[in-house]
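# Observations on the model geometry
Residue-level listing of the chains:
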Amino acid sequence: MEDRYQIYMRKYNDIENLIPKLKGASPDSNMKYLEDISENTKEKNKLYLSRIMRNYIQHNADYKEFIEISEMQLRFLDEIYLKVLGKLDTTKSIMIPTKKAFVKDIKEKISENIEPFIKKEKNFIVVSNDNKFIGLLSPLDILELINAGIKKTDKFESIDKKYFNRNKQKVSFLKETDLIEVATNELKEKEIIIITDNGKSTGIILGVIKKERS
């Protein structure tokens, strides 16, 4: 079983293995590179301390007697790892592909999709036409439609456009090559991100990224 020092070194090395892949970094860039480009003084100081601690552990046999590794230090390395990873990985790696997301064609019957929508506790139904975005339906919209009376033959195309338009401010569009960091920032204001081939509402839907429920 790893002790805290081994965990610390593993997490530190995982970060340093990613750093050379950052835009603008050289093949030999290390934690000092992150320290130099950080604009946050507190973060910069923690990166400096982490680097000094790593070097001492690496080169001195008495490190266990001299250095204490706290849970907060390990969490900081986790945060830095995710921050660096977010600058590398793209939305393609985290999106739910169209086939697995709750994306329904406008020609589909509403009644056939209500039960699975409720059962799977989905945030929205993404309605499309030939795999192009039409609008969103929220649980409240579905409830209103049920109360208004839905016939078994009714399709999504029969829904009043006001239902689709009322939710459009909750959605953002990105390409599958956009960074996760961009998606994370978008989700601060939006409920759902739809990934399309051109990064616009006019593109072919490739997948969905949604804000997790708290």
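Residues numbered from 1 in each chain as written. Predicted model: local features only at pLDDT ≥ 70, side-chain atom pairs only at ≥ 80, totals over all residues. Heavy atoms only, no water.

Here we come to the overall build of the chain. If you tally the helices and strands in the chain, you get nine helices and seven strands. Expected size for 214 residues packed as a compact globule is a radius of gyration near 17 Å; at 24 Å, the chain overshoots this value by more than 25%. On the principal axes, the C-alpha backbone points of the chain span a range of 75 × 35 × 30 Å. Considering only contacts within the chain whose residues lie at least 6 apart along the sequence, 56% involve residues at least 24 apart. Carbon and sulfur atoms make up 50% of the accessible area of the chain, which amounts to about 13,100 Å² in all. With 40 positive and 35 negative side-chain charges, the chain shows a separation of 5 Å between the mean positions of the two kinds. (Helix = DSSP H or I, 4+ residues; strand = E, 2+ residues; numbered from the N terminus. Rg over C-alpha atoms; globule rule 2.2 N^0.38 Å. Contact = heavy atoms within 4.5 Å. Areas by Shrake-Rupley, 256 points an atom, 1.4 Å probe, with all protein chains shown as cover. Lys, Arg positive; Asp, Glu negative; His and termini not counted. Charge placed at Lys NZ, Arg CZ, Asp CG, Glu CD.)

Here we have four strands laid out as an open sheet, ordered β1-β7-β6-β5, and mixed in their pairing. Each edge of the open sheet is held by one strand with a lone partner, namely β1 (96-97) and β5 (171-174). Relative to strand β7 (residues 205-210), strand β6 (residues 192-196) runs antiparallel, the two being bridged by five bridges. Bridge pairing links Ile 195 to Gly 207 in β7. (Pairing = 2+ DSSP bridges.)

By the definition in use, this model includes five aromatic pairs. With a centroid separation of 5.7 Å and 50° between ring planes, the pair formed by Phe 102 and Phe 117 is classed as tilted. Separated by 15 residues along the polypeptide, Phe 102 in the loop between β1 and β2 (103-105) and Phe 117 in helix α6 (residues 111-119) bring together distant segments of the chain. Neither Phe 102 nor Phe 117 differs from the other in exposure class; each is buried. The residue whose ring lies beneath Lys 104 is Phe 102, and the NZ or CZ to ring-centre distance is 4.7 Å. (Phe/Tyr/Trp six-rings, centres within 6.5 Å; stacked < 30°, edge-to-face > 60°. Buried < 20%, exposed > 50% of the residue type's maximum accessible area, 1.4 Å probe, protein only. Lys NZ or Arg CZ within 6 Å of the ring centre and 35° of its normal.)

Moving on to unusual backbone geometry. Of note, the phi angle at Asp 130 is positive, near 55°, even though the residue is not glycine. When you line up the elements, Asp 130 lands in the loop between β3 (125-129) and β4 (132-137). Here the phi dihedral of Asn 131 falls at roughly 65°; this positive angle occurs in a residue that is not glycine. Summarising the element assignment, Asn 131 is placed in the loop between β3 and β4. Of the residues examined, Asn 131 reaches a relative accessible area of 31% and is grouped as partly exposed.

Here the structure, examined in full by the defined rule, presents eleven salt bridges. Measuring nitrogen to oxygen at the nearest pair gives 2.9 Å for the salt bridge that ties Glu 43 to Lys 83. Taken together, the positions of Glu 43 in helix α3 (residues 41-59) and Lys 83 in helix α5 (residues 71-86) put the pair 40 residues apart, joining distant regions of the chain. The exposure class assigned to Glu 43 is buried, which follows from its relative accessible area of 17%. A salt bridge links Asp 141 to Arg 166, with the nearest nitrogen and oxygen atoms 2.5 Å apart. Highlighted residues: Asp 141 in helix α7 (residues 139-148) and Arg 166 in the loop between α8 (161-165) and β5, separated in sequence by 25 residues. Its relative accessible area of 1% is what places Asp 141 among the buried residues. Salt bridges sharing partners connect three or more residues here, namely Asp 141, Glu 144 and Arg 166. (Salt bridge = Lys/Arg side-chain N within 4 Å of Asp/Glu carboxyl O.)

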